[in-house]
Amino acid sequence: MKQITSIQNPFIKSLVQLQEKAKARKQSGTFLIEGKREIELAIKGNYAIENILFLPELISEDQIIKLSNNQIDFIEINKEVYQKLAYRDTTEGILALAKTKNLSLSDLKLPENPLILVMESIEKPGNIGAMLRTCDAAKIDAVIIANPKTDLYNPNIVRSSVGCLFTNQIASGTTKDVISYLKEKNIAIFSATLQNSNFYHTQDYTFPSALIVGTEATGLSHVWRDEATKNIIIPMQGEIDSMNVSVAAAILLFEAKRQRGFN
C-alpha cells in the first residue's frame, strides 16, 4: 500500500488545490470527500472514487476496505498530511478523491409524477447544503440549480449537506433552460415570491410540480414570476417579510409531500 508523509508531495498539493479552488475542481473533474458516512453515501450514489486516503491512528485499513468492493487505490498518510487536507475540526481520519458528475438537465430521470425543488442563484453553500438535506428527508425526485453562483462540489456544500449531495438527483442550468425543461415535461411551476402570490397551502401539488426558491436578498428573477403556473407565498405574521431560504424550502416541500400522502 502506498504511503505519503510529506505535505510537499505533488499529489497532496493537488488535493489542497481541490479543497481551496473551484477552478481546480472544474479543470480536474474531481473533488474531495471527508468522512466515512459521506464516502459511503457517495459510493451508494454511484460516484466514482479514485483514491481513499486514511490516517491509521483514527481508522484502520480493514474499516476502509469494507467501504467498497471496487478497485480503489488506498493511501496511508500521516497526521501532518491529514491535517493539511482535512476540512472539518471533528475528523474521522478518512478522505476520498472522487470524480464529479455531469449535471445536465437531460440526464435527469424523472418518475411519472415528479416533485422537484429549483434553487435560483443561491450563493451560500450552507443554505444549499441545508436544502439538500431537506430534499433527502422529503425524498423528492430531483433538485435543479438555476443560474448557479456556487460550485456544487465546494467543500462547504459537501460538509453542510452531510452526504445528501450524493443522495439527491441534481442538475444545473440557466434559468431560461430550466424553465424550458419544466414546460417541456409539463411540470407546473410554483414560484415562491412576494408579488401577486397565493398562500402556498391553498395550492395543489399532487400533480407534476416544481417549487422554485430564490435568494433572501433579491428573491426570484422576474421571469420565474412571469412564467409561473402560480406564484406562492408563505404567510408571515411577524415584523419581517422573509425567512431563511432553506426553512422556506422545507415548509413548501413538506406541504407538497403531505398532499401526496408522503409517497
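One structure accompanies this document, and this report is about it.

Reading the values: rules and limits
- Residues numbered from 1 in each chain as written.
- Predicted model: local features only at pLDDT ≥ 70, side-chain atom pairs only at ≥ 80, totals over all residues.
- Heavy atoms only, no water.
- Pairing = 2+ DSSP bridges.
- Helix = DSSP H or I, 4+ residues; strand = E, 2+ residues; numbered from the N terminus.
- Axes fitted to C-alpha atoms, helices over the stretch in contact; angles between N-to-C directions.
- Salt bridge = Lys/Arg side-chain N within 4 Å of Asp/Glu carboxyl O.
- Buried < 20%, exposed > 50% of the residue type's maximum accessible area, 1.4 Å probe, protein only.
- Right-handed = clockwise from strand over helix to strand, strands pointing away.

Section: the sheet that holds strand β2 (residues 30-34)
With mixed pairing, 5 strands are arranged side by side in an open sheet as β1-β4-β3-β5-β2. Bordering the open sheet on either side are β1 (2-4) and β2, each of which pairs with just one other strand. When the angles between neighbouring strand axes are averaged without regard to direction, this sheet yields 25 degrees. Note: β2 against strand β5 (residues 94-99), 5 bridges, orientation antiparallel. Its bridge partner being in β5, E34 is matched across the sheet by L95.

Some thoughts on the pattern of salt bridges
This structure, assessed with the given rule, holds 5 salt bridges. Across the salt bridge formed by R258 and E255, the nearest N and O atoms sit 2.8 Å from each other. Pair noted here: R258 and E255 are both in helix α10 (residues 245-259), with a separation of 3 residues, about one helical turn. Given a relative accessible area of 10%, E255 falls into the buried group.

Focus on the pairing of strand β6 (residues 115-120)
Burial of β6 is extensive: 6 of the 6 residues sit out of reach of the surface. Because side chains alternate across β6, one face comprises the buried residues L115, L117 and M119, and the other comprises I116, V118 and E120, equally buried. Of the pairings in the sheet, the one linking β6 to strand β11 (residues 209-213) comprises 5 bridges and is parallel in character. Its bridge partner being in β11, M119 is matched across the sheet by V213. Taken together, the 5 bridges between β6 and strand β7 (residues 142-146) define a ladder with parallel strand orientation. Its bridge partner lying in β7, M119 is registered against I145. Since β6 and β7 lie parallel, the crossover through helix α6 (residues 125-138) that links them has a hand, and here it is right-handed.

Remarks on the environment of I65
Along the chain, I65 turns up in helix α4 (residues 61-65). Look at I65 and you get partly exposed, because its relative accessible area is 37%. Residues I65 and I52 lie 13 residues apart in sequence; the distance between their C-alpha atoms is 9.4 Å.

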